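Given next are the chains, with one letter for each unit.
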Amino acid sequence: QVQLVELGGGLVQAGGSLGLSCAASGRTFSIYNMAWFRQAPGKEREFVAGISWHGLSTFYADSVKGRFTISRDNAKRTVYLQMTSLKPEDTAVYYCAAGSGTSYRTRDDFGSWGQGTQVTGSS
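K.L.:
How should I be thinking about the state of the cysteines in this particular structure?
P.N.:
The bond known as a disulfide is covalent and runs between the sulfur atoms of two cysteines. All chains considered together, the criterion is met by 1 disulfide. Each sulfur in the disulfide pair Cys22 and Cys96 lies 2.1 Å from the other. Residues Cys22 and Cys96 are joined through a disulfide that is left-handed, its torsion about the S-S bond being -85°. Remark: Cys96 occurs in strand E9 (residues 92-99) and Cys22 occurs in strand E3 (residues 18-24); sequence separation between them is 74 residues. Exposure class is identical for Cys22 and Cys96. Each is buried.

Printed below as a string of C-alpha cells:
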C-alpha cells in the first residue's frame, strides 16, 4: 500500500552527523505511523525511532535517545532521521517502515518497508 525509499546513508567519522530521509508513495502517508529500524551484521533488526501519524508523538530506542531525532513532513510524504554523535555501534543498514496500527515500536507494527541504506560510523 505504501512504497518507501531511503536516501542519505554513508560513511561518517565517529562523533559526526548524518541525515536520512525516506520518501513514501501514496496519498495515505499522513495516516501511517513511521519508524526507522536498523540491522547490524549478525544481529536482529531493531527499532530505532518511531513517530505517530500526526507527528506529535515520538519514541526512541534507549541506545539512540538524545542523539537521533525522527521527524516527518506529511505534505512532502517524507520521514527523516537526523543522527548526531554517531558511534561505531550505530553501523547498520537502516530501514524505513510504515504501519497503520496504534503501536509503532516493533517489527510487527509495520507492514511496509524500504530497501535499506547503509550507515557506517567509523572509528
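K.L.:
Would you explain the packing of aromatic side chains in this entry?
P.N.:
Centre-to-centre distance and the angle between the planes together describe a pair of aromatic rings. In total, this model carries 5 aromatic pairs according to the counting rule given. Pairing Phe37 with Phe47 gives two aromatic rings, centres 5.5 Å apart and planes at 80°, and the pair type is edge-to-face. Within this pair, whereas Phe37 is found in strand E4 (residues 33-39), its partner Phe47 is found in strand E5 (residues 46-51), the two being separated by 10 residues in sequence. Owing to a relative accessible area of 11%, Phe47 belongs among the buried residues under this scheme.

K.L.:
Help me understand the sheet that holds E3, please; the structure alone is not making it clear to me.
P.N.:
Strands pair in a sheet through their backbones, by hydrogen bonds, and they do so in one of two ways: parallel or antiparallel. Taken together, 4 strands build an open sheet; the order of strands is E1-E3-E8-E7 and the sheet is antiparallel. Each edge of the sheet is formed by a strand with only one pairing partner; in this case those strands are strand E1 (4-7) and strand E7 (68-73). The mean inter-strand angle of the sheet, taken between neighbouring strand axes irrespective of direction, is 15°.

Conventions adopted
Residues numbered from 1 in each chain as written. Predicted model: local features only at pLDDT ≥ 70, side-chain atom pairs only at ≥ 80, totals over all residues. Heavy atoms only, no water. Disulfide = S-S within 2.5 Å. Helix = DSSP H or I, 4+ residues; strand = E, 2+ residues; numbered from the N terminus. Buried < 20%, exposed > 50% of the residue type's maximum accessible area, 1.4 Å probe, protein only. Phe/Tyr/Trp six-rings, centres within 6.5 Å; stacked < 30°, edge-to-face > 60°. Pairing = 2+ DSSP bridges. Axes fitted to C-alpha atoms, helices over the stretch in contact; angles between N-to-C directions.

Function cannot be read off these values alone, since they describe shape.
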